[in-house]
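# Residue-level structural notes
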Amino acid sequence: MAAGSGGSCLDALGPGELLSAAQALSLPAEAYGNDPNIEMVWAMKAMQHAEVYYNLISSVDPLFLRLTKVDDQIYSEFRENFGKLKIDVLDPEELKSEPAKEKWRPFCMKFSGIVEDFNYGTLLRLDCTQGYSEENTIFATRIQFFAIEIARNREGYNRAVYNIAQQNGAAKKDSTLSRCN
């Protein structure tokens, strides 16, 4: 489901199922192996996070967003370590290849104990001008998500999403007003 399409994957779960899922997610990963049910819950949680984030950058000017209490530290460490990384359109190899993993690992570990759930999986858009879709999404750690999205916000790349959303909102408002006259 594309972000902003109006529904959430979690809408299909009842309160009891959500509580069970939350309790299951609090157990260590070793307790599960490759349980497909747990993988589905993680995927739904990651998609919900993606939808919330996309709606946020669509409705608030990303230049003014703070994603964590330590945005400044994340941004400075990120640009110190990945100064030449092209962040508007990511190359998956810059995150997933063995050399990239070797470079990312020490960066990520710097945030252990500083950023909650720094190594949890989350979804990251490859092209920051586009929404979340199967073709435009990669799985990354939460600290990679924060580092790249904080940089995209501060460097103005995410303004494209915000500007399009504002234009669409203005066009919708104009259309409604013209029907009332």
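Residues numbered from 1 in each chain as written. Predicted model: local features only at pLDDT ≥ 70, side-chain atom pairs only at ≥ 80, totals over all residues. Heavy atoms only, no water.

## Describing the nonpolar core
By size, the foremost hydrophobic cluster in this structure holds 35 residues, and its most contacted members are Phe78, Trp104, Phe107 and Ile143. Those elements that provide at least two residues to this core are helix H2 (36-59), helix H3 (71-81), helix H5 (98-109), strand E1 (121-125), strand E2 (137-141) and helix H6 (142-154). Top element by residues in this core is H6. It accounts for seven residues. In contact with phenylalanine 78, other than residues within four places in its own chain, are Gly83, Leu85, Ile87, Trp104, Phe107, Ala147, Ile148 and Ala151. (Core = buried A, V, L, I, M, F, W, Y, C linked by side-chain atoms within 4.5 Å. Buried < 20%, exposed > 50% of the residue type's maximum accessible area, 1.4 Å probe, protein only. Helix = DSSP H or I, 4+ residues; strand = E, 2+ residues; numbered from the N terminus. Contact = heavy atoms within 4.5 Å.)

## Considerations on the pattern of salt bridges
Where charged atoms from two side chains of opposite charge come close, those side chains can pair. Under the definition given, this model contains eleven salt bridges. Across the pair aspartate 72 and arginine 154 runs a salt bridge whose closest N-O atoms are separated by 2.5 Å. You can see aspartate 72 sitting in helix H3 and its partner arginine 154 sitting in helix H6, a full 82 residues away along the chain. Take aspartate 72: its relative accessible area is 45%, and that puts it in the partly exposed class. The exposure class assigned to arginine 154 is partly exposed, which follows from its relative accessible area of 33%. (Salt bridge = Lys/Arg side-chain N within 4 Å of Asp/Glu carboxyl O.)

## Concerning the environment of leucine 123
Here leucine 123 shows up in strand E1. Classification of leucine 123 by relative accessible area gives buried; the value is 15%. Residues leucine 123 and asparagine 136, 13 residues apart in the sequence, show an inter-C-alpha distance of 9.8 Å. Not counting residues within four places of it along the chain, the set of residues in contact with leucine 123 comprises Ala46, Met47, Ala50, Tyr132, Thr137, Ile138, Phe139 and Phe145.

## Quick look at H5
The periodicity of an α-helix, 3.6 residues per turn, causes residues three or four positions apart to be oriented the same way. Taking 1.5 Å as the rise per residue, H5 with twelve residues should run 16 Å; its terminal C-alpha atoms sit 17 Å apart, in good agreement. What H5 keeps buried is the set Ala100, Trp104, Phe107 and Cys108. Mapping the buried residues of H5 onto a view down its axis gives an arc of 95°, with all of them on the same face. (Expected span 1.5 Å × (residues − 1). Arc of directions from axis to C-beta.)

## Section: the packing of aromatic side chains
Considering all chains together, one arrives at ten aromatic pairs under this definition. Look at phenylalanine 82 and phenylalanine 107: their rings are 5.7 Å apart centre to centre, the planes differ by 85°, and that puts the pair in the edge-to-face class. In this pair, phenylalanine 82 sits in the loop between H3 and helix H4 (93-96) while phenylalanine 107 sits in helix H5, placing the two residues 25 residues apart along the sequence. Among the aromatic residues, ring-to-ring pairing joins Phe78, Phe82, Trp104, Phe107 and Phe111 into one connected group. Sitting above the plane of the tyrosine 132 ring, arginine 125 keeps its charged end 5.9 Å from the centroid. (Phe/Tyr/Trp six-rings, centres within 6.5 Å; stacked < 30°, edge-to-face > 60°. Lys NZ or Arg CZ within 6 Å of the ring centre and 35° of its normal.)

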